[in-house]
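Tertiary structure, described
The primary structure of each chain is shown beneath.
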Amino acid sequence: MTTPDTPLRSRSAWLRLLAILMALGLVAAACGDSDDDDAGSDTTEASASASEPAETEATEAPADTEATDDTEAPDAGGASWEGVEGDVIVSGSSTVEPVSTRVAELLADVNGDIRVTVDGPGTGDGFELFCNGETDISGASRAIADDEVANCEGNSINFVELQVAFDGIAILTNPENPVECVTFEDMYGLMSAEAEAAGVENWSDAANVEGIELSQELPALSLDITAPGTESGTYDSFIEIVLEDIADERGQEDIIRTDFPGQAEDNVIIQGIAGSPSSFGWVGFAFAEANADVVKKNEVDGGDGCIFPTFDTIADGSYPVSRSLYIYVNVDKAAENPALAGYVDFYFSDGAYEDAVINAFGEGAGYIPLPDDLFSASVGAWEGR
């Protein structure tokens with residue numbers, strides 16, 4: 001899912017991308033299991049490391065990171081971010097938060113007078129702040145919705161949408177759970193409004209949803225759901241990718257069941273999955289990778305067999321639960337604030353962009369960069385604002 005007219009499965013573009021990444025030696029580093037939407041809502045200053053979230057056993061994200069010794073920050077000579085100062089406020093998706101934070105850290109190395117504050121309360125909450133004029137940039141793990149556009153228009157907020165990366169949604173269980181692969185219908189039988197109405201309380205109860213063809217006999221274990229809340233773009237993406245088509249075919253409303261407490265922070269979701277042998281939930285792929293020692297990523301069958309989420313399978317489009325990541329920039333504020341314009345220019349500059357995307361969670365642990373054509377489209381959209 002890139003833009004409405006650009007399919008994720010553009011083979012030639014992805015082959016070019018993977019060739020570049022292989023040459024850099026980054027694909028192998030990002031595909032291991034050793035290492036969302038969402039990385040917590042702590043505020044981060046460009047001149048300091050990311051603040052620690054509430055106490056948790058999960059690996060925090062974004063972690064305290066600085067540019068690695070072998071990574072040179074882009075040359076600031078003559079650039080738009082040189083010699084300017086000011087404040088930039090970034091909010092929104094906690095999946096995008098680590099990328100924006102990494103860009104801010106790299107920018108601080110060449111101009112510490114641009115002070116960037118980044119937090120991640122969720123895509124929906126971020127758009128509310130952004131469309132009310134309270135932030136400069138909104139990170140998003142889904143495209144802006146029609147009602148959010150209307151809110152921005154009503155408040156005279158003019159913006160440009162910039163795609164920044166690709167991510168997958170990892171479907172998680174506890175390592176003790178025997179389930180290894182799930183289909184969209186399996187997940188519909190567990191997580192849809194119909195599942196709630198049918199009294200699905202155990203994994204095996206998914207069979208109670210009439211007309212759903214399960215791929216397997218699910219275990220007779222309690223269904224302990226720890227998953228994103230409604231403020232999260234990862235919540236919305238799960239509906240759009242996994243539930244929507246099945247619900248439409250069945251004449252049902254495409255909503256997630258409401259009888260579990262949605263979580264705004266991915267580290268809380270990780271902790272919940274790790275704490276119950278019969279748990280179920282989902283987070284952004286990069287965050288799942290960072291916590292691979294305490295949770296189990298499941299294969300997903302979207303109709304072409306069971307596919308495990310990896311850097312490669314998300315990049316080539318074969319993993320069926322994948323999505324685009326964006327930033328939205330207030331163009332009027334960018335015209336008035338050289339620090340904001342400089343930060344966004346730096347975001348897409350040589351050296352900063354790939355480092356921030358690929359190393360969002362640390363060396364070789366991050367997201368999938370855009371292929372050349374989509375990267376150029378984002379740069380063009382920004383320059384043509």
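Every chain is numbered independently, its residues counted from 1 as its sequence is written. Owing to the predicted nature of the model, reporting of local features is limited to residues with pLDDT of at least 70; listing and counting of side-chain atom pairs is limited to 80 or more, with chain, interface and lining totals taken over all residues. The side-chain figures draw on all heavy atoms in the structure; neither hydrogens nor water molecules are used.

As for the overall build of the protein chain
Numbering of helices and strands runs from the N terminus, with a helix taken as a DSSP run of H or I at least four residues long and a strand as a DSSP run of E at least two residues long. Within the protein chain one finds 15 helices and twelve strands. Accessible surface, the protein chain: about 14900 Å² in total, of which carbon and sulfur atoms supply 45%. Where accessible areas are quoted, they stem from the Shrake-Rupley method and a 1.4 Å probe; at the residue level, only the protein chains shown are allowed to cover.

Examining the environment of Ser-222
Tracing the chain through its elements places Ser-222 in the loop between α7 (193-197) and β7 (224-225). In this structure Ser-222 touches Glu-201, Asn-202, Trp-203 and Ser-278, once residues within four positions along its chain are discounted. Two residues qualify as a contact provided that any one of their heavy atoms is within 4.5 Å of a heavy atom in the partner residue.

Brief notes about helix α13 (residues 338-347)
Accessible area is worked out with a 1.4 Å probe on protein chains only. A residue is then buried under 20% of its type maximum, exposed over 50%, and partly exposed in between. Among the ten residues that make up α13, eight are buried, leaving the element largely enclosed by the rest of the structure. Taken residue by residue, α13 has Ala-339, Leu-340, Ala-341, Gly-342, Tyr-343, Val-344, Phe-346 and Tyr-347 as its buried positions.

A closer look at the state of the cysteines
Note on disulfides: each one is a pair of cysteine sulfur atoms within 2.5 Å. Tallied over the entire structure, the rule returns two disulfides. Through a disulfide, Cys-181 is tied to Cys-306; the S-S separation comes to 2.1 Å. Looking along the S-S bond of the Cys-181-Cys-306 disulfide, the torsion reads about -100 degrees, which is the left-handed sense. Taken together, the residues Cys-181 in strand β6 (residues 181-183) and Cys-306 in strand β11 (residues 306-307) connect sequence positions 125 residues apart. Given a relative accessible area of 12%, Cys-181 falls into the buried group. Ordering the disulfide-forming cysteines of the protein chain by sequence position, one finds them joined as 1-2, 3-4.

Remarks on the packing of aromatic side chains
The geometry of an aromatic ring pair is captured by the separation of the ring centres together with the interplanar angle, meaning the angle of the planes. Two rings belonging to Phe, Tyr or Trp (six-membered ring only in the last case) form a pair when the distance between their centres is within 6.5 Å. Interplanar angles under 30 degrees mark stacking, angles over 60 mark edge-to-face geometry, and anything in between is tilted. Here the structure, examined in full by the defined rule, presents 15 aromatic pairs. Geometrically, the ring pair formed by Phe-348 and Tyr-353 is stacked, given 6.0 Å between the ring centres and 15 degrees between the ring planes. Look at Tyr-353 and you get buried, because its relative accessible area is 4%. An angle of 55 degrees between the planes, with centres 4.8 Å apart, marks the rings of Tyr-353 and Phe-375 as tilted. Of the two residues, Tyr-353 is situated in helix α14 (residues 352-358) and Phe-375 in helix α15 (residues 372-383); the sequence distance between them amounts to 22 residues. We note that Tyr-353, like Phe-375, is buried.

Quick word on the packing of helix α3 (residues 97-110) against α13
Only the contacting stretch of a helix is used when fitting its axis, a line to C-alpha atoms as for every element, and angles between N-to-C directions run 0 to 180 degrees. Here α3 crosses α13 at 105 degrees, and the two axes come no closer than 10 Å. Regarding the angle of α3 to α13, the classification is roughly perpendicular. For the pair formed by α3 and α13, the contact residues are Val-99, Ser-100, Val-103, Ala-104, Leu-106, Leu-107 and Val-110 on the first element and Tyr-343, Phe-346 and Tyr-347 on the second. Of the residues belonging to the contact of α3 with α13, the class tally is nine nonpolar, one polar and no charged. Oblique is the label for any angle not under 35 degrees, not over 145, and not in the 65 to 115 range, which are roughly parallel, roughly antiparallel and roughly perpendicular in turn. Residue polarity follows a fixed list, in which Ala, Val, Leu, Ile, Met, Phe, Trp, Tyr, Cys and Pro are nonpolar, Asp, Glu, Lys and Arg are charged, and the others, Gly among them, are polar.

Digging into the pattern of salt bridges
For salt bridges, the criterion is a side-chain nitrogen of Lys or Arg within 4 Å of an Asp or Glu carboxyl oxygen. Evaluation of the coordinates by the stated rule reveals eleven salt bridges. Between Asp-236 and Arg-142 there is a salt bridge; the shortest N-O distance is 2.6 Å. Note that Asp-236 is positioned in helix α8 (residues 233-249) and Arg-142 in the loop between β4 (137-140) and α5 (146-154), a separation of 94 residues in sequence. Here Arg-323 ties to Asp-167 by a salt bridge, and the two come within 3.0 Å at their closest N and O atoms. Of this pair, Arg-323 sits in strand β12 (residues 322-330) while Asp-167 sits in strand β5 (residues 159-173); the two residues are 156 residues apart in sequence, bridging distant segments of the chain. Looking at Arg-323, the relative accessible area reads 0%, which means it is buried. Overlapping salt bridges bring together Arg-102, Glu-105 and Asp-355 as one network.

Observations concerning the nonpolar core
Core analysis: the biggest nonpolar cluster contains 95 residues, and Ile-171 and Tyr-343 have the highest contact counts within it. When residues no more than four places from it in sequence are discounted, the contact partners of Tyr-343 are Val-88, Val-90, Ser-100, Val-103, Ala-104, Leu-107, Val-116 and Ile-137. In this structure, Phe-130, Ala-140, Ile-157 and Tyr-328 belong to the second largest nonpolar core, which totals nine residues. By convention a nonpolar core is built from buried Ala, Val, Leu, Ile, Met, Phe, Trp, Tyr and Cys residues, the set being connected through side-chain atoms within 4.5 Å.

Describing the sheet that holds β11
The strand order β6-β10-β11 describes an open sheet built from three strands, whose pairing is mixed. Sheet topology places β6 and β11 at the edges, where each strand pairs with a single neighbour. Sheet analysis places β6 next to strand β10 (residues 299-301), joined by three bridges and oriented parallel. From the neighbouring strand, Val-182 faces β10, where its bridge partner is Val-300. The strands touched by helix α6 (residues 184-191) within the sheet are β6 and β10, with β6 carrying the most contacts at an inclination of about 80 degrees. Strand pairing requires that DSSP identify at least two bridges connecting the strands.

Any functional reading would require information beyond the geometric quantities listed.
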